[in-house]
Amino acid sequence: MTTHQKSPSPSTAEGMGLFERLLSLWVALAIVIGVLLGQFAPAVPDALSRFEYAQVSIPVAILIWAMIFPMMAQIDFTAILGVRREPKGLIITTTVNWLIKPFSMFAIAWFFLTVVFQPLIPEDLASQYLAGAILLGAAPCTAMVFVWSYLTRGDAAYTLVQVSLNDLIMLFAFAPIVVFLLDVSNIQVPWDTVALSVLLYIVIPLAAGVVTRRTLIARHGSEWYDNVFLKRIGPITPAGLILTLVLLFAFQGEVILQAPLHIVLIAVPLIIQTFFIFFIAYGWAKAWKVPHRVAAPGAMIGASNFFELAVAAAISLFGLQSGAALATVVGVLVEVPLMLALVRIANNTRHHFPDVRTASD
Amino acid sequence: MTIEVTPRAREWLRRKGGVATVRLSPRHGCCGGRADIAVAEARPPDWPERYVRLELEGVTLHVDSTLVDQQLTVDVEGFLGLGHLFVAGASPTRANE
């Protein structure tokens, strides 16, 4: 069934294959393999680190583009023409994603990493982890939200609009928000470094995605593009993600071996932030009587992160061996289990929203 | 009616040639996973044999067979002279491979 009025919510197994359901396990395995590689075959990361141009690691840049380009290639910016259709949903999503989420992430991460966990995390590392959390907070989900929308029986057309609007805002808002919050945290990052990061990992993949989409659709048609081209390049993103993590942890091995508890400590504020943002958007939607088919994907997009961008920006700004990069990876580690918990909450609270209809209606 | 086209979408479509394709467009998640989104485009399909052809008040629709009986509505939206079709009433779905 396709209509949101009558179909039951699909099971997790229907929306997500084994790979994505067990993403946390693969991330954990990538960490182990990366650490082992760094410990027992240090020549590999050493050799890879030599391929640099203008302080940008070429192997890392290739892997990051491999992660990000397939997502950018599937964005249909004509959907932005529907921006007036569900104004309440878009107001909630845009406000939560860009005026609340980055700042609540900063506040929660700052409180836990530099105050609550002060005895457990050295000050310089806490700053690095905070920087990673800031990067996660400034990058709302751009692709996985379609799967969350599917699992919560969200409105397909609305999900398309909110993703295209979100991506457009991200183009302009990501860098200023990151620079501002890093500055507030006394973490100095030159503007040109941030600008280069945005150019490399947002503007170039986005432009390449738009050009590829337009060119290939003009040449082969949109059905071929969707069903052949995107299907072929789709698996590149998770593969690029796992390979990036292996490489990252080949460099991070020492940090993990010395302080494995840090992964748990970083996860605490990230988990709290995920639930906090979800309940703000979801509760606001409930108060405004927004239909569940809009409220659920509207709340999911902010709760979920565009962690490929966060990982890329962390590596670009602070380096592969940085605490910031480690913090963004913890975001990946907890993403799927957390979002599946939110999917369950959304599906179990559907009856509190105004558009509930059952098959017997 | 198995699928509806709003009067304004019909009018808009007539100006664009009177033919539309309603199909599923896959979106891949960054962690894997996929959801298929119902989309409508003002053009004939690349492979007409895969679609159900419907004639609705001067407009020809080629509809993916899984979308025919879903009580969907094809509408048009836009601003500044730009417009595009969209499918109202659809949740993301997952077509069989």
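Check the entry above for the structure.
Being a predicted model, the structure only gives us computed values, none of them experimental. (Residues numbered from 1 in each chain as written. Chains lettered and ligands numbered in written order. Predicted model: local features only at pLDDT ≥ 70, side-chain atom pairs only at ≥ 80, totals over all residues.)

> Is there a simple way to explain the overall build of chain A in this structure?
Check the secondary structure of chain A and you find 16 helices and two strands. Within chain A, the fraction of its 361 residues that count as buried is 53%. (Helix = DSSP H or I, 4+ residues; strand = E, 2+ residues; numbered from the N terminus. Buried ≥ 20, exposed ≤ 12 C-beta atoms within 10 Å, placed from the backbone.)

> Sorry, what's going on with the overall build of chain B here?
In terms of regular secondary structure, chain B is built from one helix and seven strands. Ordered by position from N to C terminus, the α and β elements of chain B give β-α-β-β-β-β-β-β. For chain B, whose C-alpha radius of gyration is 14 Å, the value lies close to the compact-globule estimate of 13 Å for 97 residues. Principal-axis analysis of the C-alpha atoms gives chain B an extent of 40 × 35 × 25 Å. Looking at chain B residue by residue over its 97 residues, the buried ones come to 52%. Relative to all contacts within chain B whose residues are 6 or more apart in sequence, the contacts with residues 24 or more apart total 57%. (Rg over C-alpha atoms; globule rule 2.2 N^0.38 Å. Contact = placed C-beta atoms within 7 Å.)

> Looking at this structure, how should I read unusual backbone geometry?
One can expect most non-glycine residues to show negative phi and most peptide bonds to be in trans. Unusually for a residue other than glycine, Lys289(A) sits at a positive phi of about 60 degrees. Tracing the backbone shows Lys289(A) in the loop between helix 13 (261-287) and helix 14 (292-303).

> Looking at this structure, how should I read the pairing of strand 4 (residues 51-56) of chain B?
In summary, the side chains of a regular strand alternate between the two faces of the sheet. All names here are of chain B. The pairing of strand 4 with strand 5 (residues 59-64) spans six bridges and is antiparallel. Considered in strand 5, the bridge of Glu 55 is made with Thr 60. A loop of two residues connects strand 4 with strand 5, the two strands running antiparallel in sequence, and Glu 57 in this loop sits at a positive phi of about 45 degrees. (Pairing = 2+ DSSP bridges.)

> So what exactly am I meant to see when it comes to the sheet that holds strand 4 of chain B here?
Sheet strands pair by backbone hydrogen bonding; their relative direction is either parallel or antiparallel. Residues and elements named next belong to chain B. Spatially, the four strands line up as an open sheet ordered 3-2-5-4, and their pairing is mixed. Strand pairing shows two members of the sheet lacking a second neighbour, strand 3 (34-41) and strand 4, which therefore form its edges. Strand-to-strand twist across the sheet, computed as the mean angle between neighbouring axes with direction ignored, equals 25 degrees. Sheet topology places strand 2 (residues 19-28) next to strand 5; four bridges connect them, and they run parallel. Within the sheet, the bridge partner assigned to Val 22 lies in strand 5 and is Val 63. (Axes fitted to C-alpha atoms, helices over the stretch in contact; angles between N-to-C directions.)

> Which parts of the structure should I look at to understand the environment of Asp75(B)?
All names here are of chain B. Of note, Asp 75 is situated in strand 6 (residues 72-79). By the C-beta count within 10 Å, which is 21 here, Asp 75 ends up buried. In the structure, Asp 75 is positioned 67 residues away from Arg 8 in sequence and 7.3 Å away in space, judged by C-alpha atoms. For Asp 75, the residues in contact, after removing those within four places along its chain, are Thr 6, Ala 9, Phe 86 and Ala 88.

> What exactly am I supposed to notice about the interface of chain A and chain B here?
By a frequent convention, interface size equals the accessible area lost on bringing the separate parts together. At the junction of the two partners, chain A supplies 47 residues and chain B supplies 37 residues. Those elements giving two or more residues to the side of chain A that touches chain B turn out to be helix 1 (12-15), helix 2 (18-21), helix 5 (58-72), helix 8 (144-151), helix 9 (156-184), helix 11 (222-233), helix 12 (236-258) and helix 16 (323-348) of chain A. Take the side of chain A that touches chain B: its biggest share by element is seven residues, from helix 11 of chain A. Of the residues assigned to the side of chain A that touches chain B, the class counts are 19 nonpolar, 17 polar and eleven charged. (Nonpolar A, V, L, I, M, F, W, Y, C, P; charged D, E, K, R; others polar.)

> Teacher, can you tell me more about the nonpolar core here?
Across soluble globular proteins, nonpolar side chains show a tendency to be buried alongside one another. Ranked by size, the top nonpolar core spans 151 residues in total, and within it Ile134(A), Leu135(A) and Val87(B) carry the most contacts. A per-element tally of this core places helix 16 of chain A first, with 15 residues. (Core = buried A, V, L, I, M, F, W, Y, C linked by C-beta atoms within 7 Å.)

> Just checking my understanding: could you explain helix 11 of chain A for this structure?
Side chains that are three or four residues apart share a direction in an α-helix, a result of its 3.6 residues per turn. Burial in helix 11 of chain A covers these residues: Ser222(A), Tyr225(A), Asp226(A) and Leu230(A). Each buried residue of helix 11 of chain A sits inside an arc of 90 degrees when the element is viewed along its axis, so together they form one side. Looking at the buried side of helix 11 of chain A, the elements it contacts are helix 10 (191-220) of chain A together with strand 2 and strand 3 of chain B. (Arc of directions from axis to C-beta.)

> Please explain the sheet that holds strand 1 (residues 3-5) of chain B as it appears in this structure.
Residues and elements named next belong to chain B. The strand order 1-6-7 describes an open sheet built from three strands, whose pairing is mixed. Strands at the two margins of the open sheet, each flanked by one partner only, are strand 1 and strand 7 (82-88). Taken pair by pair, the neighbouring strands of this sheet meet at an average axis angle of 25 degrees, ignoring direction. Summarising the sheet, strand 1 and strand 6 pair through three bridges and their orientation is parallel. Its bridge partner being in strand 6, Val 5 is matched across the sheet by Val 74. Where helix 1 (residues 7-15) meets the sheet, its contacts fall on strand 1, strand 6 and strand 7, and the angle it forms with strand 6 comes to roughly 70 degrees.

> Help me understand the packing of helix 3 (residues 23-40) of chain A against helix 16 of chain A, please; the structure alone is not making it clear to me.
To characterise two packed helices, one gives the angle between the axes of the helices and the distance between these axes. Residues and elements named next belong to chain A. For the pair helix 3 and helix 16, the least separation of the axes is 8 Å and the interaxial angle reads 165 degrees. Considering the angle they form, helix 3 stands roughly antiparallel to helix 16. The element helix 3 and its partner helix 16 pack so that their crossing is left-handed. Only Val 332, Leu 333, Glu 335, Val 336 and Pro 337 of helix 16 make contact with helix 3, whose side of the interface consists of Leu 23, Ser 24, Val 27 and Ala 28. (Parallel < 35°, antiparallel > 145°, perpendicular 65-115°, else oblique. Left-handed = near helix turned anticlockwise from the far one by under 90°.)

> Sorry, what's going on with the environment of Pro291(A) here?
Residue and element names in this part refer to chain A. Along the polypeptide, Pro 291 turns up in the loop between helix 13 and helix 14. Judged by C-beta crowding, with 19 C-beta atoms within 10 Å, Pro 291 ranks as partly exposed. Expressed as a C-alpha distance, the spacing of Pro 291 and Ile 91, which sit 200 residues apart in the sequence, is 14 Å.

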